[in-house]
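# Overview (structure and organization)
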Amino acid sequence: MQNFIPNLALGRLRFSLIVVLGCIVLAFLNPAQAQQPIATLQIETSAICGMCKNRLETELGFLRGIKSATLNLDTKVLTVVYKTNRLKPDSIREKIASLGYRADSVPAEPKAFEALPACCQAEGLHHP
Ligand SMILES: [Cu+2]
């Protein structure tokens, strides 16, 4: 009997500990994901065709912090959803420029532009 009571107390302590730890884990898992600072950015590009679209969407997809990148071929506007704690709008524009495309007021890098297939250069380096 003398042994039984401390064991029971210990059992309850363990149970409480598990409950408390469980709550802490849950508190860290759920809101942490909900709180990720996400923003949407629209960037005007000098993209021309479906190849440009694939190139921009694929390459930006590899960039850490990009959730999605979608080019509208009619407007040439690239919509980027990104994590604001990982990327700044200007670093996204610079990435686009490094692929050979103008991004808003950031001009395309000439070397990257020259490396594009001829059809993607059809409108010239400085086309709007
Ligand atoms: Cu193209």
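Structural data are supplied above this passage.
From a predicted model like this one, the values you see are computed outputs, not experimental measurements.

Calculation notes
Residues numbered from 1 in each chain as written. Predicted model: local features only at pLDDT ≥ 70, side-chain atom pairs only at ≥ 80, totals over all residues. Helix = DSSP H or I, 4+ residues; strand = E, 2+ residues; numbered from the N terminus. Buried ≥ 20, exposed ≤ 12 C-beta atoms within 10 Å, placed from the backbone. Contact = placed C-beta atoms within 7 Å. Pairing = 2+ DSSP bridges. Axes fitted to C-alpha atoms, helices over the stretch in contact; angles between N-to-C directions. Core = buried A, V, L, I, M, F, W, Y, C linked by C-beta atoms within 7 Å.

## Section: the overall build of the protein chain
In terms of regular secondary structure, the protein chain is built from four helices and three strands. For the protein chain, the α and β elements follow one another from N to C terminus as α-β-α-β-β-α-α. Within the protein chain, the fraction of its 128 residues that count as buried is 19%. Counting only contacts in the protein chain whose residues sit at least 6 apart along the sequence, the fraction spanning at least 24 positions is 50%.

## As for the sheet that holds strand β2 (residues 66-72)
Judged by pairing direction, the sheet is antiparallel, and its three strands sit side by side in the order β1-β3-β2 without closing on themselves. Edge positions in the sheet fall to β1 (38-44) and β2, since each has one partner strand and no second. On average, adjacent strands in this sheet sit at an angle of 15 degrees to one another, irrespective of strand direction. The pairing of β1 with strand β3 (residues 77-83) spans seven bridges and is classified as antiparallel. For Glu44, the partnering residue across the bridge sits in β3 and is Val77. Relative to the sheet, helix α2 (residues 50-62) contacts β2 and β3, its axis offset from that of β2 by approximately 170 degrees.

## Considering unusual backbone geometry
Positioned with a positive phi, Lys76 is a non-glycine residue whose angle comes to about 65 degrees. Positionally, Lys76 belongs in the loop between β2 and β3. Positive phi, close to 55 degrees, is recorded for Asp104, a residue that is not glycine. Here Asp104 is to be found in the loop between α3 (89-98) and α4 (110-114). Exposure remark for Asp104: the 17 C-beta atoms within 10 Å place this residue in the partly exposed category.

## Digging into the environment of Asn72
Along the chain, Asn72 falls in strand β2. Judged by the 13 C-beta atoms lying within 10 Å of it, Asn72 is partly exposed.

## Describing the pairing of β2
Each regular strand shows side chains that alternate between the opposite faces of the sheet. Pairing between β2 and β3: six bridges, direction antiparallel. The residue of β3 that forms the bridge with Ser68 is Val81. Once β2 ends, the chain turns through four residues before running back antiparallel as β3, passing Lys76 with a positive phi of about 65 degrees.

## A closer look at the nonpolar core
Membership of the largest hydrophobic core comes to 18 residues, with the highest contact counts inside it found for Ile43, Leu56, Leu78, Val80, Ile96 and Tyr101. Elements represented by at least two residues in this core include exactly α2, β2, β3 and α3. Not counting the four nearest positions on each side in its chain, Leu56 is found in contact with Thr45, Ala47, Ala69, Leu71, Leu78, Ile96, Leu99 and Tyr101.

Function-wise, these values are silent; they only describe arrangement.
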